Amino acid sequence: MSPPQKTTLTDLPDGRRRLDTDSSWEPRMGYSRAVQAGPMIVVSGCVGLLEGGGYPEGLEAQTRRCVERITEALACFDATLDRIIKVRIYTTDISRWEEIAAAMGPAFGEIRPANLLVEVSRLVDDALVEIEAEAWVG
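Figured I'd write up the structure that's included with this text. Position numbers for residues start from 1 in each chain and track the written sequence from start to end. This being a predicted model, a pLDDT of at least 70 is required before a residue's local features are given, and a value of 80 or more before pairs of side-chain atoms are given or counted; all residues contribute to the totals for chains, interfaces and linings. Only hydrogens and water are set aside when side-chain values are computed; all heavy atoms of the structure are taken into account.

### Things to note about helix H3 (residues 97-108)
Next up, step 1: Among the residues making up H3, those that are buried are Ile100, Ala103, Met104 and Phe108. Buried positions in H3, seen along its axis, are confined to an arc of 110° and lie on one side of it. Those residues of H3 that are exposed and angled more than 90 degrees off the buried face are Glu98 and Pro106.
Next up, step 2: In the core, the buried residues of H3 are packed alongside helix H2 (59-75), strand E5 (84-91), strand E6 (114-119) and strand E7 (129-136). The buried label goes to any residue with under 20% of its type's maximum accessible area, the exposed label to any with over 50%, and the partly exposed label to all in between, with areas taken from a 1.4 Å probe on protein chains only. By the criteria applied, helices consist of DSSP H or I runs no shorter than four residues and strands consist of E runs no shorter than two, each listed in order from the N terminus. Within this analysis, the arc is defined by the directions that extend from the helix axis to the C-beta atoms. The contact rule is simple, with two residues in contact once any of their heavy atoms fall within 4.5 Å.

What follows is the structure in structure tokens.
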């Protein structure tokens with residue numbers, strides 16, 4: 001998967017690298033899509049937002065889109081999903097975990113990172129799931 005449109009990879013004076021996208025959330029909330037510090041890349045929480053806005057219908061489709069966005073962020077650092085060592089999944093309805101698993105299993109079945117699944121009361125807009133990831137590129 002190719003990196004998303006309108007991304008900026010910035011080398012910081014302390015050796016970290018920061019990935020910023022054209023998301024309006026990043027400057028408002030004071031964060032970057034992803035940050036690399038040494039051999040670690042940390043990808044901020046990604047909801048299943050489509051490129052043109054809006055969300056795919058259903059939890060499985062939103063989960064797949066979250067994984068695509070994580071893949072796009074990692075690609076900017078020349079890394080791939082197989083470098084992920086930890087994912088954290090936040091969902092608004094944990095009883096629907098099998099829909100999440102239907103997307104996560106195929107994406108991470110051979111990688112098998114550490115995983116956390118937590119129910120939250122609400123996510124931004126119409127998001128049903130949000131996923132953050134940590135990758136090791138040492």
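What follows picks up the thread again.
### A short note on the nonpolar core
Next up, step 1: Formed by 25 residues in total, the largest nonpolar core has its most connected members in Ile41, Val43, Ile70, Leu74, Ile84, Met104 and Ile131.
Next up, step 2: At the level of secondary structure, the elements contributing two or more residues to this core comprise strand E4 (40-47), H2, E5, H3 and E7.
Next up, step 3: Per-element accounting of this core gives the leading share, six residues, to H2.
Next up, step 4: Not counting residues within four places of it along the chain, the set of residues in contact with Ile41 comprises Ala34, Val35, Gln36, Leu74, Phe77, Ala79, Ala133, Glu134, Ala135 and Val137. Note on terminology: a nonpolar core comprises buried Ala, Val, Leu, Ile, Met, Phe, Trp, Tyr and Cys residues joined through side-chain atoms within 4.5 Å.

### Things to note about the side chain of Thr63
Next up, step 1: For Thr63, the location among the structural elements is in helix H2.
Next up, step 2: Residue contacts for Thr63: discarding those within four places in its chain leaves Ile100, Ala103, Met104, Val129 and Ile131.

### Re the side chain of Thr91
Next up, step 1: Following the sequence through the fold, Thr91 ends up in strand E5.
Next up, step 2: Note on Thr91: relative accessible area 0%, which makes it buried.
Next up, step 3: For this analysis, a polar contact is any N or O atom pair within 3.5 Å, provided that within protein one partner can donate a hydrogen and the other can accept it, and provided that sequence-adjacent residues contribute only side-chain to side-chain pairs. A polar contact of 3.0 Å, which involves the side chain of Thr91, links it to the backbone oxygen of Leu128.
Next up, step 4: When sequence neighbours within four positions are dropped, the list of residues in contact with Thr91 reads Leu59, Ile100, Leu117, Val118, Glu119, Val120, Leu128 and Val129.

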